[in-house]
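Structure assessment
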Amino acid sequence: MGGFHKNKGIVIELTALLDVIMIMLFWVMMNVQTNSDEAKAEADERVAAVEQQMMDIKAETDAEIARVWEMAENVDKKAAETQEALHGYEQGMVITLNIRYNNEGKLYISNYDQMLGSAAISTSESANQLIVSALDKAGLKQDDVILCALVYDSDVALYRDVKSVKAAVDSVRAAYPSFYCTYIDTSK
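The shown structure was predicted, so the numbers you read here are calculated from the model rather than taken from an experiment.

1. As for the pattern of salt bridges
Under the defined criterion, the tally for this structure stands at six salt bridges. Note that arginine 173 is salt-bridged to aspartate 170, the shortest N-O span being 3.0 Å. Of the two residues, arginine 173 and aspartate 170 are both situated in helix α3 (residues 159-175); the distance of three residues between them amounts to about one turn of the helix.

See below:
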């Protein structure tokens, strides 16, 4: 009968193997921690960049909104001024430029209740100065809405005089952007 044979097998020293496994595990954990710190730092940088972009966009948007509100207020103001001028026009409050001839051609400027000035028509520059002086005398400012009528009789008025006064009106319009003038020929 045979005897029992004990198989001793291979004896592995587990302590050394466990040390190697632990070192590898520690190394992997350290790499994961380092990668995690780098990823967190990169994510923080991206978040900061996005926050800065959002702040820039908000600042631009706020500036644009302020500009639009200012434009809207100016439009409302201009509309109110225009409405006031039209109401005044209905009441006869209009600046009248009247070309008349006695011995020579003269430009008479008046508003609804007073004579604002008159002078012989020589050049468009002198007519311009007369119109601006009359507007100042009437207390009108450059940003006011001003309604005007140039009245002349083409059967009597000289073409050069009408042309000079119309050129003066155009140059006044350059300084007074809301200066509106209509031309009335009484011969028609």
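2. A closer look at the nonpolar core
Ranked by size, the top nonpolar core spans 25 residues in total, and within it Leu97, Ile99, Leu107, Ile109, Ile131 and Phe179 carry the most contacts. Elements with a minimum of two residues in this core: β1 (95-101), β2 (105-110), α2 (124-137), β4 (146-152), α3 and β5 (179-185). Ignoring sequence-local partners within four residues, the contact set of leucine 107 consists of Leu97, Asn98, Ile99, Gly117, Ser118, Ala119, Ile121, Ala127, Leu130, Ile131 and Val165.

3. Considering α2
Given a rise of 1.5 Å per residue, 14 residues ought to cover 20 Å, and the 20 Å separating the end C-alpha atoms of α2 matches this to within 8%. Here α2 has its buried residues at Ser124, Ala127, Asn128, Leu130, Ile131, Ala134 and Leu135. Looking straight down α2, one finds its buried side chains confined to an arc of 165 degrees; they lie on one side. Opposite the packed face of α2, turned more than 90 degrees from it, sit the exposed residues Glu125, Gln129 and Lys137. Packing partners of the buried residues in α2 comprise β1, β2, β3 (115-120), β4, α3 and β5. Positive backbone phi, approximately 80 degrees, marks glycine 139, located one or two places after α2.

Definitions and limits used
Residues numbered from 1 in each chain as written. Predicted model: local features only at pLDDT ≥ 70, side-chain atom pairs only at ≥ 80, totals over all residues. Heavy atoms only, no water. Salt bridge = Lys/Arg side-chain N within 4 Å of Asp/Glu carboxyl O. Helix = DSSP H or I, 4+ residues; strand = E, 2+ residues; numbered from the N terminus. Core = buried A, V, L, I, M, F, W, Y, C linked by side-chain atoms within 4.5 Å. Buried < 20%, exposed > 50% of the residue type's maximum accessible area, 1.4 Å probe, protein only. Contact = heavy atoms within 4.5 Å. Expected span 1.5 Å × (residues − 1). Arc of directions from axis to C-beta.

Read these as geometric descriptors, not functional statements.
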